[in-house]
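Now for the letters of each chain:
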Amino acid sequence: MKATIITIGDEILIGQIVDTNSVSIAKHLNAAGIVVREKISIGDDRTQIIETAERALADSEVTVITGGLGPTKDDITKKTLAELFHSDMRCDERVAAHVEKMLTERGIEFNELNRSQAMVPACCTVLFNAHGTAPGMWFERGSHVIVSLPGVPFEMEHLMEDEVMPRLKAHFALRQIVHRTMITAGLPESMLAKRIEAWENALPPYLKLAYLPNPGSVRLRLSAYEVEGESVAREIESRFEALRRIIPHNIIGFETATMQELVHKILTERSLTLATAESCTGGSIAARFTAMPGASAYFRCGVVSYSNESKVDLLGVDPANIARYGAVSEQVARQMAEGARRAAGADYAVATTGIAGPSGGSAEKPVGTVWIAVATPRKTVAILKQCGTDRGQIIDRASAFAIGLLRDCLNGHQTPPAETGHPGMSPERTPR
């Protein structure tokens, strides 16, 4: 079973909004055993809608369309689909009553534009939208189905869950697609692939492996298409269990697991406390922890020491080290972590200092240079990382590396040797 997803709206094409609908729709379809072969975004144009829908009908058994169902003149999806299926329009009285009730409750006048929301192609099955004024529509041509849904994400989500998926499962004989994703950290994609090469080569032909790199982690997804779900799920678990024996220290968890969730669990279970001292990451590390329920049990405080003065005054960094080695240095990172741990009375503290760019770099310390340190009850560990050239990417990667180093220290793993700093460099005065 194959599907095409079509998102309609000029606002998507000009970058005014981000298309999240196709992501959600694809997840629903995949979970039911329907493979998404193509996602297409087009504007509010009659010819484009007709041509794209006709092509989708020829190539896919299922087509899901979102957008263009509003009451204004630029919303033309409904009328265009009526034209595509050579259908007259009719008024659905249930929809009309629902729209009038919703608007009355909101204190909005019910006018002819609102009433037009109840006009639908006579050939379609109306999908009642309990959360909005635009109904969904279900069309059939032979063995093919086209579904048209409103573009408002929570309305689309409601209709996919409550109307579309139950109907698709009843309409087609679907076989399962099974996906299982393991999250790894600490090994770049190429090194990971080399380490698990023999394991990958031993996979049966019906299991497909995909490498999905993220900042600070690589996801390994095993997929099986059109299978008997239960037996394949057991086989995937067995294969991942074998992988666990190969890279035991590099596995975070499964599906949406994150490194901060793993560290959160360790800190909570061991009754340990944490503080952060951040320069170039600007509080990103602290935000990742405090976003999780229960963080108050272990998170003491976070300091964003962006200036050299704050590093000295708040964290006790020796100004002579800043003068000699620069704000972006192993010495300063270590003292930041130790100062945060001391000031907060925490068991562990993590610190970052680096050059997030786009300016401020040099030949010796280019943009993306980040020193990361973790102070523990026994010692302080520091590593040097090159985190890219884009400011957002640098902050994201540095935060991920820092939390990964914290995890390693909590588990007592041997950390890689840090690259040495360069004594005698001039201090960096710009914010890091």
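Before any of the text, the structure's been laid out above.
Nothing here was measured: the structure is a model prediction, and the numbers come from that model.

Asks: Would you mind showing me how to read the side chain of Thr7 here?
Replies: Mapping Thr7 onto the fold places it in strand β1 (residues 2–8). Look past the residues within four positions of Thr7 in its chain and what remains in contact with it is Ile12, Asp19, Ser22, Ile40, Ser41, Ile42 and Thr66.

Asks: What's the story with the sheet that holds strand β16 (residues 369–375) in this structure? I'm lost.
Replies: Strand-to-strand pairing in sheets goes through backbone hydrogen bonds, with the strands running parallel or antiparallel. The strand order β14-β13-β15-β16-β17 describes an open sheet built from five strands, whose pairing is mixed. Of all strands in the sheet, those with a lone pairing partner are β14 (299–304) and β17 (380–386), marking the two edges. Direction aside, neighbouring strands of the sheet carry axes that sit 10° apart on average. Judged from the five bridges that link them, strand β13 (residues 274–278) and β14 form a sheet pairing that is parallel. In the strand pairing of β14, Leu274 is matched with Phe299. Along the sheet, helix α16 (residues 391–411) contacts β13, β15 (348–354), β16 and β17; its crossing angle with β16, the most-contacted strand, is approximately 30°.

Asks: Would you take a moment to explain the packing of helix α11 (residues 259–270) against α16 for this structure?
Replies: For the pair α11 and α16, the least separation of the axes is 9 Å and the interaxial angle reads 35°. Of the two elements, α11 crosses α16, and the hand of that crossing is left-handed. Only Ile403, Gly404, Leu406, Arg407, Leu410 and Asn411 of α16 make contact with α11, whose side of the interface consists of Met259, Gln260, Leu262, Val263, Ile266, Leu267 and Arg270. Here the contact of α11 with α16 is built from residues that sort into eight nonpolar, three polar and two charged.

Asks: Got a minute to help me understand the side chain of Ser148 in this structure?
Replies: Examined against the element boundaries, Ser148 turns out to sit in strand β8 (residues 144–149). Judged by relative accessible area, Ser148 falls into the buried class, the value being 0%. Not counting chain neighbours up to four residues away, the residues in contact with Ser148 comprise Ile65, Leu69, Thr77, Leu81, Gly136 and Met137.

Asks: Can you help me understand helix α3 (residues 46–59) in this one?
Replies: Side chains that are three or four residues apart share a direction in an α-helix, a result of its 3.6 residues per turn. For α3, which comprises 14 residues, the first-to-last C-alpha distance of 20 Å matches the rise-based estimate of 20 Å (1.5 Å per residue) to within 8%. Within α3 the residues assigned to the buried category are Ile49, Ile50, Thr52, Ala53, Ala56 and Leu57. Residues of α3 that are buried make contact with β1, β2 (35–42), β3 (62–66), α4 (77–84), β7 (136–141) and β8. Capping the start of α3 is the job of one residue whose side-chain oxygen sits 3.2 Å from the backbone nitrogen of Thr47: Asp45.

Criteria and thresholds
- Residues numbered from 1 in each chain as written.
- Predicted model: local features only at pLDDT ≥ 70, side-chain atom pairs only at ≥ 80, totals over all residues.
- Heavy atoms only, no water.
- Helix = DSSP H or I, 4+ residues; strand = E, 2+ residues; numbered from the N terminus.
- Contact = heavy atoms within 4.5 Å.
- Pairing = 2+ DSSP bridges.
- Axes fitted to C-alpha atoms, helices over the stretch in contact; angles between N-to-C directions.
- Left-handed = near helix turned anticlockwise from the far one by under 90°.
- Nonpolar A, V, L, I, M, F, W, Y, C, P; charged D, E, K, R; others polar.
- Buried < 20%, exposed > 50% of the residue type's maximum accessible area, 1.4 Å probe, protein only.
- Expected span 1.5 Å × (residues − 1).
- Polar contact = N/O pair within 3.5 Å; in protein donor to acceptor, adjacent residues only side chain to side chain.

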